[in-house]
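Chain residues, written in single-letter form:
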Amino acid sequence: MLLAFDWTQLAQQIVIGLASGGVWATLAVALVVIYRSTGVINFAQGEMAMFSTFIAWSLVHHGFSYWGAFFLTLAISFAGGVAIERAVIRPVERAPVLTVVIVTLGLFFVVNGAARWIWSPETRSLPNAFSTRPIDVAGVAFSISDLGTIAVSLGAVALLWVFFRFTKLGLASRAAAVNPEATRLVGVRVSWMLALGWGLAAAMGAVSGMLTAPALASFDQNLMQPILLYAFAGAVLGGIDSPLGAVIGSLLLGVLVNLLGTYVDWVGSELRLPVALAVILGVLLIRPAGLFGRPVEQRV
Amino acid sequence: MKRALYLLVGALGALVLATAATGAASETGVTSSQVLIGGTTPLSGNASAYQSVAKGAAAYFRWVNAHGGVNKRKIKYVYKDDGYDPSKTADKTRELVQQDKVFAIFNSLGTEQNLATRAYLNALKIPQLFVASGATTFGKDYKQYPWTMGYQPNYRAEGTIYGRYVAKTNPKARIGVLYQNDDYGKDLLAGLRNGLGKKAKLIKSKQSYDVTDDQVQSQVARLKAAKVNTVMLFATPKFAIQTFVYAQKLGWKPRVYVNAVSSAANIMGLATAGTSKKQTEGSISLVFLKDPTDPKWKQDPGTRLYRSIMKKYKGGNPNDVYAVYGMSVAHTFVAALKKAGKNPTRASIMRAATSLNVKNDPFLLPGMTVHTSKTDHFPLDQAKLQRYHNGHWVSFGGLFRVR
Amino acid sequence: MGRRALGIALWVAVVAVILVAYAFAPRLVSDFHSRDLAEAGIFFIAIVGLNLLTGYTGQISLGHGALMAVGGYTTAALMVHEHWRDVWTIPLAGLTAGVVGFLIGLPALRLSGLYLAMATFAFAVAMPSLLRKFSGLTGGGQGLRMLEDAPLQITGLSGTVTIFGHSMTQNHFLYYLAWGIGLVGFLIAWLIVRSRVGRTFRAVRDSEVAATSAGINLAWTKTFAFAISGVYAGVAGGLLATQNQIVNPLTFTFLLSIVLLVGTVVGGLGSLPGMVVGAFFVEYLPDVSTHVSTAPGVPDFVYGAAIIVVMILLPTGVGGLLKRVARPLTTRLYLRP
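Residues numbered from 1 in each chain as written. Chains lettered and ligands numbered in written order. Predicted model: local features only at pLDDT ≥ 70, side-chain atom pairs only at ≥ 80, totals over all residues. Heavy atoms only, no water.

What about the overall build of chain B?
As a reminder, the rule being used: Helix and strand labels come from DSSP, where a helix needs a run of H or I of at least four residues and a strand needs a run of E of at least two; each type is numbered from the N terminus. The globule rule used here is 2.2 Å times the number of residues to the 0.38 power, and the radius of gyration it is set against is calculated over C-alpha atoms. Exposure categories follow from relative accessible area, calculated using a 1.4 Å probe and restricted to protein chains: below 20% of the type maximum is buried, above 50% is exposed, and the middle band is partly exposed. In these tables, accessible area is a Shrake-Rupley quantity obtained with a 1.4 Å probe, and a residue counts as shielded only by the protein chains included in the view. Two residue types count as positive, namely Lys and Arg, and two as negative, namely Asp and Glu; His and chain ends fall outside the count. In this description, the location of a charge corresponds to atom NZ of lysine, CZ of arginine, CG of aspartate or CD of glutamate.
Check the secondary structure of chain B and you find 14 helices and 13 strands. In terms of overall dimensions, chain B is globule-like: its C-alpha atoms have a radius of gyration of 22 Å, near the 22 Å expected for 403 residues. Projected onto the principal axes, the alpha-carbon positions of chain B cover approximately 75 × 50 × 35 Å. Counting all 403 residues of chain B, 64% fall into the buried class. Accessible area of chain B: about 14800 Å², with a carbon and sulfur share of 55%. Between the centroid of the 57 positive side chains of chain B and the centroid of its 24 negative side chains there is a distance of 7 Å.

So this is what it looks like as structure tokens:
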């Protein structure tokens, strides 16, 4: 029986799971960044990433080199994130959390609608940052871009760790999220810390979009919607305040979803997401703050 | 069940007749200068790319109106947003019928969306014309729903063609199917089985995906693992392109049958650019429209007319093959309206729609006839096979019946 | 005596105005338009319930659209499989959704804030897939179409409905049904809010730690809040199914949960009267957005922009505004000399 089992297929599905999880991880990190620096879940993060992808496409289409377009898009997205925070989030900074959540929901439609209006709904493609040449190891195929995507996520996690832990700006940003009042007293301009958080998240989102589009072989305005779902799930699984957790959670989720879809017939293609979400819920009930999250303690 | 429908027909029919009997006994939605028709289409949400079906048709009607209209009447075509939600479709269609008092429902988009309103419209004897959906039921179930008609070649018939072709040309194939797990994909699959007949066991693997999935790499890998050498690609463009790309990544080059929805030249172009000419070489598909992104139609008068109408009457993005479809269906509606006589009624336009024989549609393949009869509610049931060679589609064989 | 009588007179006047508006609103609009008003009533019911959970008990739910699905499909399934009349299914629709709401509330015992929101989010996201999978009951991707499969169970199939000898169009009937239930639901919610249960809800919202110290059973309170808001959502879902005579997975996507939450927050968390405005806002905004322009993307853009603008101008919703405006009136009325 052991010999009849297709081990190559298992290994291939795991590798594919890691590849798709790696794509989700890039957006999951952006979600963690925004949550950690502003305490808000940004429902529009995926659409902002999609918008950045279109900007990158436009730049490439107008003759920019790939890397030129890449970094210019990063810069534009950072500025865009800051601008959005100043324009739309700042007025509701002191409002209840749900108000801000609703604003991000409104932003979802605004950004999506803007992308549909500015660029026609054709299917397009974006070049890949990494080589897509297939590599075969013992019958299991993957490509450099799969590895590259995961590497980028981990690299971002490392950079964020350094930033939040060791730089003045990063520390101020964390303080602003945790205790805005006290932070203001110390002289930090809390408002601008939030803007910084939005800018960073938007930039990370742009990276996500520019990696996702080639990984999924084509893109249009709907590109990031399924990704947002999986990224949320992965981030929650890993712990919404842990960038590393978001990456690992996303990778695990990718493998889980693929293995379920491949080996559990009853799950098929209709139930792979619900079952995966149920698994996450199960994990949360055991570890309410996610795998790597910091548990919130309450003493009564 | 039937009794209840007759009850509804009786009561509501009387209501309709009562409101329609306004002096000159003209039909609802028809005045001396205008015919009002309406439909639903997704104008918002993530299916909103399909609105070009409505917008292409609207542009065509504007052109017809600018050239005198039909029997001295202009066609006013109103389309409302249902966000691809069948509950909203039911609501907006009722609004078109009860509030706007349209002559007929035309070109509403979506399978579930049109199914939601079919019983209502048929009970009220309101034409549900040229439903924008490839589901077979809209043409097949005319005995129960005589006021409903589809338009495009239906999915089941398309799948049957592919099945027959494989059975004939490659009887030892190992077939794998990637299909969307909704009516569209399942209809194509059912057709494939039907076309293969006794050879249905050539299907070695069936992999489905959900339209909300992000990618199908896992499914493609499973097809390869089942040692499939012929892939039936019953998927929408995003996933069709992915199939080629992921197959190449796995070092696999099966013969691919691409369903018509995903076969537009620009889609295949993206697939080729993302892989290689070799990877897409030999793919097979059906075609019945003149694809505006296919260079072979660039100088064609029909395509030029299409482009000029799109430009002048602001029909949207001219590279969108859905807009071509919209113009074709509008062209057929105009033909039916002409045939319905100087004072069209709902009954007369249904009679016209079930006796069509339109040969000069500029947007369909040359030689195609839009043909219907009392027992044939499939207006478009012809197509050509085409093979992808060196980065272009080349049609082969002649026009044949897609049944 | 003067002040007290004035207070009572004010309330009587308010109730009278509401009842008159309820009775005569359909006359002010076209017959078909009563349907849109009815749909606003359906949203009203759902967001009153959601407000009890989110505004008064402080639990975020991103899954109330899925609870509406439970109610809607209960109605449809009872009509199609068990041949129940549409209106009689409504209580059961509410009950079933209440039970499901209770079950969703159970994770609330372990999860807090964001993670609870994610659990409800997961439920909402999974609902269409679940509906498609169990197709024997739900009709799968095609859903259930009552006009085809249960026409005799539809009230007003012939176009008119007669109640107590009084005859009205089906559209008017739907309006009176929805808003009639809405007013009753509002009254019940108002009573809950003013009762001890309501105070318990608010205690949990304001500080779980303090509430527990005061002896409040968090578990019971949270699950009850989920259950009762589920009942409201289920009733709304059943009414929606009754009105459209169809249920389909595409109606109950995550978008519906978002719409309900937007309606609740725009109406004002912790304010029941604000829910009327919230309901009308989410009912009419899509149409308004499409009227601005049908160019690709513009309806969505306008929709989102309207939500953002309203939230910026009224961060505590219409209810917050109402409270600020009404406070000088009510405090003066109830001040003891």
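Observations concerning the overall build of chain C
Per the secondary structure count, chain C includes 15 helices and 4 strands. Counting only C-alpha atoms, chain C reaches 65 × 50 × 45 Å along its principal axes. Going through the 337 residues of chain C one by one, you find that 58% of them count as buried. Of the roughly 13600 Å² of accessible surface on chain C, 71% is carried by carbon and sulfur atoms. Of the charged side chains in chain C, 20 are positive and 12 negative; the average position of the first set lies 20 Å away from that of the second.

Focus on empty space enclosed by the protein
Convention followed: Buriedness of a pocket was judged along seven lines, with at least five required to meet protein on both sides within 12 Å; pockets are open sets of points on a 1 Å grid over the protein atoms alone, cavities are sets where a 1.4 Å probe fits but cannot get out, and lining residues have an atom within 4 Å of a point. Grid points are joined across faces, edges and corners, and a volume is the space filled by probe spheres set on the points. Gly falls in the polar group here, along with every residue not listed as nonpolar (Ala, Val, Leu, Ile, Met, Phe, Trp, Tyr, Cys, Pro) or charged (Asp, Glu, Lys, Arg).
One pass over the structure, following the stated rule, counts 7 cavities of 30 Å³ or more. If you add up the space inside the largest cavity, you get close to 90 Å³. Mapped by element, the contributors of at least two residues to the lining of the largest cavity are helix 3 (86-99) and helix 4 (111-123) of chain B together with helix 7 (146-149) of chain C. Per-element accounting of the lining of the largest cavity gives the leading share, 6 residues, to helix 4 of chain B. A class-by-class count of the residues in the lining of the largest cavity yields 6 nonpolar, 3 polar and 4 charged.

Some remarks on the domain arrangement of chain B
All names here are of chain B. Keep this limit in mind: Domain start and stop points were drawn from an automatic or database domain assignment. The contact definition used throughout considers only heavy atoms, calling two residues in contact when any of these lie within 4.5 Å. Any carboxyl oxygen of Asp or Glu within 4 Å of a side-chain nitrogen of Lys or Arg constitutes a salt bridge here. Polar contact criterion, stated in full: a pair of N or O atoms within 3.5 Å, where within protein one must be able to donate a hydrogen and the other to accept it, and residues adjacent in sequence count only if both atoms are side-chain atoms.
Splitting chain B by domain gives domain 1 (2-153 + 300-381) and domain 2 (155-287). Across the contact, 11 residues belong to domain 1 and 8 residues belong to domain 2. Viewed at the interface, domain 2 and domain 1 are joined by 0 salt bridges. Here domain 1 and domain 2 share 2 residue pairs in polar contact (both at pLDDT 80 or more) between them. At the level of secondary structure, the elements contributing two or more residues to the side of domain 1 that touches domain 2 comprise helix 4 and helix 13 (321-339).

Section: a positive patch on the surface
Inclusion rule: Like charges are joined within 9 Å and nonpolar side chains (Val, Leu, Ile, Met, Phe, Trp, Tyr) within 5 Å, but only among residues with over 30% relative accessible area and no salt bridge; these make up the patches.
The grouping of Lys172, Arg174, Lys198, Lys199, Lys201, Lys204 and Lys227 of chain B at the surface amounts to a positive patch. Tracing the sequence through the fold places Lys227 of chain B in the loop between helix 8 (217-225) and strand 7 (230-234).

Some words on the pattern of salt bridges
Residues and elements named next belong to chain B. All told, the structure shown has 15 salt bridges over all chains when counted by the stated rule. Close ionic contact of Lys80 with Glu95 constitutes a salt bridge, the shortest N to O distance being 3.4 Å. Taken together, the residues Lys80 in strand 2 (residues 74-81) and Glu95 in helix 3 connect sequence positions 15 residues apart. Each of the two residues, Lys80 as well as Glu95, counts as buried.

A look at helix 2 (residues 33-56) of chain C
Residues and elements named next belong to chain C. Inclusion rule: The length a helix should cover is 1.5 Å for every residue beyond the first. The bend at a residue is defined as the angle formed between two axes, one fitted to the seven residues ending at that residue and one fitted to the seven starting there.
Over its 24 residues, helix 2 extends 33 Å from the first C-alpha to the last, a length consistent with the 34 Å expected when each residue adds 1.5 Å. Its axis deflected by about 30° at Leu50, helix 2 carries its strongest bend there. Counting buried residues in helix 2 gives 23 out of 24 residues, a clear majority hidden from the surface. Positioned one or two residues after helix 2, Gly58 has a phi angle of 75°, which is positive.

Describing the pairing of strand 7 of chain B
Residues and elements named next belong to chain B. What counts is decided by this rule: Each pair of strands is called paired provided DSSP finds at least two bridges between the two strands. Looking down the strands as they point away from the viewer, one classifies a crossover as right-handed if the path from the first strand across the helix to the second runs clockwise.
For strand 7, the tally of buried residues reaches 5 of 5 residues, placing the bulk of the element in the interior. The alternating pattern of strand 7 places Thr230, Met232 and Phe234 on one face and Val231 and Leu233 on the opposite face, and all of these are buried. With 4 bridges connecting them, strand 7 and strand 8 (residues 255-258) associate as parallel partners. When the sheet's bridge partners are listed, Leu233 is paired in strand 8 with Val258. Note on the crossover from strand 7 through helix 9 (residues 237-249) to strand 8: the handedness is right-handed.

With respect to the interface of chain B and chain C
Worth spelling out the cut-off: Two parts placed together each lose some accessible area under a 1.4 Å probe, and adding up what both lose gives the buried area.
If you look at the interface, chain B gives 34 residues, while chain C gives 33 residues. Interface area for chain B against chain C, summed over the two sides, is near 2900 Å², with a carbon-plus-sulfur share of 54%. Applying the counting criterion to the chain B and chain C interface returns 1 salt bridge. A salt bridge links Asp287 of chain C to Lys92 of chain B; its shortest N-O distance comes to 2.9 Å. Counting across the interface, chain B meets chain C through 9 residue pairs in polar contact (both at pLDDT 80 or more). Those elements that place two or more of their residues in the side of chain B that touches chain C are helix 1 (2-20), strand 2, helix 3 and helix 4 of chain B. With 9 residues, helix 3 of chain B is the single largest residue contributor to the side of chain B that touches chain C.

Concerning the sheet that holds strand 3 (residues 104-106) of chain B
All names here are of chain B. Read from one edge of the open sheet, 4 strands run 2-1-3-4, paired in parallel fashion. Edge positions in the sheet fall to strand 2 and strand 4 (128-129), since each has one partner strand and no second. Sheet topology note: the strand 1 (residues 34-41)/strand 2 ladder contains 8 bridges and is parallel. Pairing of Gly39 across the sheet is with Tyr79, part of strand 2.

Here's the deal with the interface of chain A and chain C
Contacts between the two partners involve 44 residues from chain A, matched on the other side by 42 residues from chain C. For the pair chain A and chain C, the two sides together bury roughly 3800 Å², of which 83% comes from carbon and sulfur. On the chain A side of the contact with chain C, Leu98, Ile102 and Phe109 of chain A bury the most area, a combined 18% of that side's loss. On the surface where chain A and chain C come into contact, there are 0 salt bridges. If you look at where chain A meets chain C, you find 2 residue pairs in polar contact (both at pLDDT 80 or more). At the level of elements, helix 3 (66-89), helix 4 (97-118), helix 9 (224-238) and helix 11 (272-286) of chain A are the ones that each hand at least two residues to the side of chain A that touches chain C. No other element matches the 13 residues that helix 4 of chain A contributes to the side of chain A that touches chain C. Looking at the side of chain A that touches chain C residue by residue, the class counts come to 35 nonpolar, 6 polar and 3 charged.

Focus on the packing of helix 1 (residues 7-38) of chain A against helix 10 (residues 243-263) of chain A
The axes of two packed helices give the description: the angle between them and the distance between them. Residue and element names in this part refer to chain A. The line we're drawing: Angles run from 0 to 180 degrees between N-to-C directions of axes, and those axes are lines fitted to C-alpha atoms, restricted for helices to the stretch in contact. Note on convention: the crossing is left-handed when the near helix lies turned anticlockwise from the far helix by less than a right angle, right-handed when the turn is clockwise.
Interhelical geometry of helix 1 versus helix 10 gives an angle of 145° and a closest axis separation of 6 Å. As for the relative orientation of helix 1 and helix 10, their crossing is right-handed in sense. For the contact of helix 1 with helix 10, the residue count by class is 17 nonpolar, 10 polar and 1 charged.

Quick notes on the confidence of the model for chain C
Using the following cut-off: Per-residue confidence from the predictor is reported as pLDDT, which spans 0 to 100.
Considering every residue of chain C, the mean pLDDT works out to 91; 97% of them sit at 70 or more. Prediction confidence for the complex, expressed as pTM and ipTM, is 0.92 and 0.91 respectively.

Some thoughts on the environment of Ile90 of chain C
Residue and element names in this part refer to chain C. Relative to the helices and strands, Ile90 is located in helix 4 (residues 86-105). By relative accessible area, which is 5% here, Ile90 ends up buried. Excluding residues within four positions of it along the chain, Ile90 makes contact with Thr75, Ile181, Val235, Gly238, Leu239 and Thr242.

Some remarks on the sheet that holds strand 5 (residues 175-180) of chain B
Hydrogen bonding along the main chain pairs the strands of a sheet, whether they run parallel or antiparallel. Residue and element names in this part refer to chain B. Strand order across the open sheet formed by 7 strands is 6-5-7-8-9-12-13, with mixed pairing between neighbours. The sheet is open, and its two borders are formed by strand 6 (203-209) and strand 13 (392-401), each paired with just one other strand. For this sheet the average axis-to-axis angle between neighbouring strands, irrespective of direction, equals 20°. The strands that helix 7 (residues 183-196) touches are strand 5, strand 6 and strand 7; relative to strand 5, the one it contacts most, it runs at about 155°.

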